[in-house]
Amino acid sequence: MTIQSIEAAAAAAWPPTESLTLGSWKLSAGDGFSRRRNSVVPAGQLPTNLERRLSDVETWFRVRGLPALYRITPLCDAAIDNVLADRGFIFEAPTLVMSRSLESIEPVEGVTESPIATAAWVETELAALGIDRSSIGPWLATIAAVPAPARFVVPEDDGEPAGAGFGVIVGALLGVFEVLVRPEYRRRGHAGRIMAALHRFGVARGAERAFLQVLEDDDRAIALYQSLGYEVSHRYWYRRAGV
């Protein structure tokens, strides 16, 4: 599994509302929710008309009411990060991409699963995320864009929904997203149960490997994923236009 294949699968699993390709750069916009769906990946070598390209990117996002946000991956020319830093673009959200084989999976019980986001799944995610209800519309639009085949998982604790997460199959890969546990149910193994249920789904659908994304400073989540056999594939970060 290559960086290119993971990045392509992640893009397919978390599709934007609209996109534009400029050379090897891919611009995406999607209701303003989620950095990935509202950013540009400046892949490949820097274009000879760099100033024009940067201006076109800024204009494309501005007319959509969004700041220019660049996602810097190993597929980008390393020089683009320095170019953006020199222009005052703010470094944010350094993220690890981790992956593992699905040759063996963990047993799991006490979870509910659905091919769509159920009301219980939505309410549990909102409770775990602490999302302001005023922004629920863009968030729901993001979840509604998740393609099939997908699996939305909710572990139960004494009959109550304790957490949530979902997985998407893209070819031979399982993408794992939004694994969250409500604050009052943390440290009870529910995140591991979500992961096990998604791994089982992946194997049933023919996936050979799983991948996920986690912020670099989320030590607790990284430790969990490492305990489940995940290893770092690569990292990425964002550069946001300053005010």
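Residues numbered from 1 in each chain as written. Predicted model: local features only at pLDDT ≥ 70, side-chain atom pairs only at ≥ 80, totals over all residues. Heavy atoms only, no water.

1. Remarks on the overall build of the protein
Phase 1: In terms of helices and strands, the protein carries seven helices and 12 strands.
Phase 2: Principal-axis analysis of the C-alpha atoms places the extent of the protein at approximately 60 × 40 × 30 Å.
Phase 3: For the protein, the proportion of its 243 residues judged to be buried stands at 47%.
Phase 4: For the protein, restricting intrachain contacts to residue pairs at least 6 apart in sequence, the fraction spanning at least 24 positions comes to 71%.
Phase 5: Surface accessibility of the protein: about 11,500 Å² in total, with carbon and sulfur atoms responsible for 51%.
Phase 6: Each charge class in the protein was averaged separately, 25 positive and 29 negative side chains, and the resulting centres sit 3 Å apart. (Helix = DSSP H or I, 4+ residues; strand = E, 2+ residues; numbered from the N terminus. Buried < 20%, exposed > 50% of the residue type's maximum accessible area, 1.4 Å probe, protein only. Contact = heavy atoms within 4.5 Å. Areas by Shrake-Rupley, 256 points an atom, 1.4 Å probe, with all protein chains shown as cover. Lys, Arg positive; Asp, Glu negative; His and termini not counted. Charge placed at Lys NZ, Arg CZ, Asp CG, Glu CD.)

2. With respect to the pairing of strand β1 (residues 18-22)
Phase 1: As judged from the five bridges shared by β1 and strand β2 (residues 25-29), these two strands associate in the antiparallel manner. Its bridge partner lying in β2, L20 is registered against L27.
Phase 2: With antiparallel pairing between neighbouring strands as the criterion, β1 and β2 make up a hairpin whose turn holds two residues, including G23 at a positive phi of roughly 65 degrees. (Pairing = 2+ DSSP bridges.)

3. Some details on the side chain of R37
Phase 1: Locating R37 in the fold gives a position in the loop between β2 and β3 (40-42).
Phase 2: A distance of 3.4 Å separates polar atoms of two side chains, one belonging to R37 and the other to T17.
Phase 3: Residue contacts for R37: discarding those within four places in its chain leaves W14, P15, P16, T17, S28, A29, G30, D31, T142 and A145. (Polar contact = N/O pair within 3.5 Å; in protein donor to acceptor, adjacent residues only side chain to side chain.)

4. A short note on the nonpolar core
Phase 1: Counting 29 residues, the largest nonpolar core has L174, V176, M195, L212, V214, Y225 and Y230 as its most contacted members.
Phase 2: Here this core gets seven residues from one element, more than from any other, and that element is helix α6 (residues 190-204).
Phase 3: Apart from residues no more than four positions distant in its own chain, L174 is found in contact with L102, G167, V168, I169, L198, H199, F201, G202, A207, R209, A210 and F211.
Phase 4: If you look at the next biggest cluster of nonpolar residues, it comprises 27 residues, including W121, V146, V154 and F177. (Core = buried A, V, L, I, M, F, W, Y, C linked by side-chain atoms within 4.5 Å.)

5. Quick word on the confidence of the model for the protein
Phase 1: For the protein, per-residue confidence averages 92 on the pLDDT scale, and 98% of positions sit at 70 or higher.
Phase 2: Confidence, read as mean pLDDT per element, is least for helix α5 (residues 136-144) in the protein (80) and greatest for strand β4 (residues 69-72) (98). (pLDDT = per-residue confidence, 0-100.)

6. Topic: the pattern of salt bridges
Phase 1: For the structure shown, the criterion picks out 13 salt bridges.
Phase 2: In this structure, R87 and E51 form a salt bridge, with 2.2 Å as the shortest nitrogen-oxygen distance. Of this pair, R87 sits in the loop between α3 (79-86) and β5 (90-101) while E51 sits in helix α2 (residues 50-62), placing them 36 residues apart in sequence.
Phase 3: With a closest N to O distance of 2.8 Å, D81 and R239 form a salt bridge. Taken together, the positions of D81 in helix α3 and R239 in strand β12 (residues 231-240) put the pair 158 residues apart, joining distant regions of the chain. (Salt bridge = Lys/Arg side-chain N within 4 Å of Asp/Glu carboxyl O.)

7. Details of the packing of helix α4 (residues 119-129) against α5
Phase 1: Where α4 contacts α5, the axes come no closer than 12 Å and their chain directions differ by 125 degrees. Relative to α5, the element α4 is oriented oblique. For the pair α4 and α5, the sense of crossing is right-handed. Between α4 and α5, the contacting residues are W121, V122, E125, L126 and L129 on the first element and I136, W139, L140 and I143 on the second.
Phase 2: A breakdown of the residues in the contact of α4 with α5 according to their chemical character gives eight nonpolar, no polar and one charged. (Axes fitted to C-alpha atoms, helices over the stretch in contact; angles between N-to-C directions. Parallel < 35°, antiparallel > 145°, perpendicular 65-115°, else oblique. Left-handed = near helix turned anticlockwise from the far one by under 90°. Nonpolar A, V, L, I, M, F, W, Y, C, P; charged D, E, K, R; others polar.)

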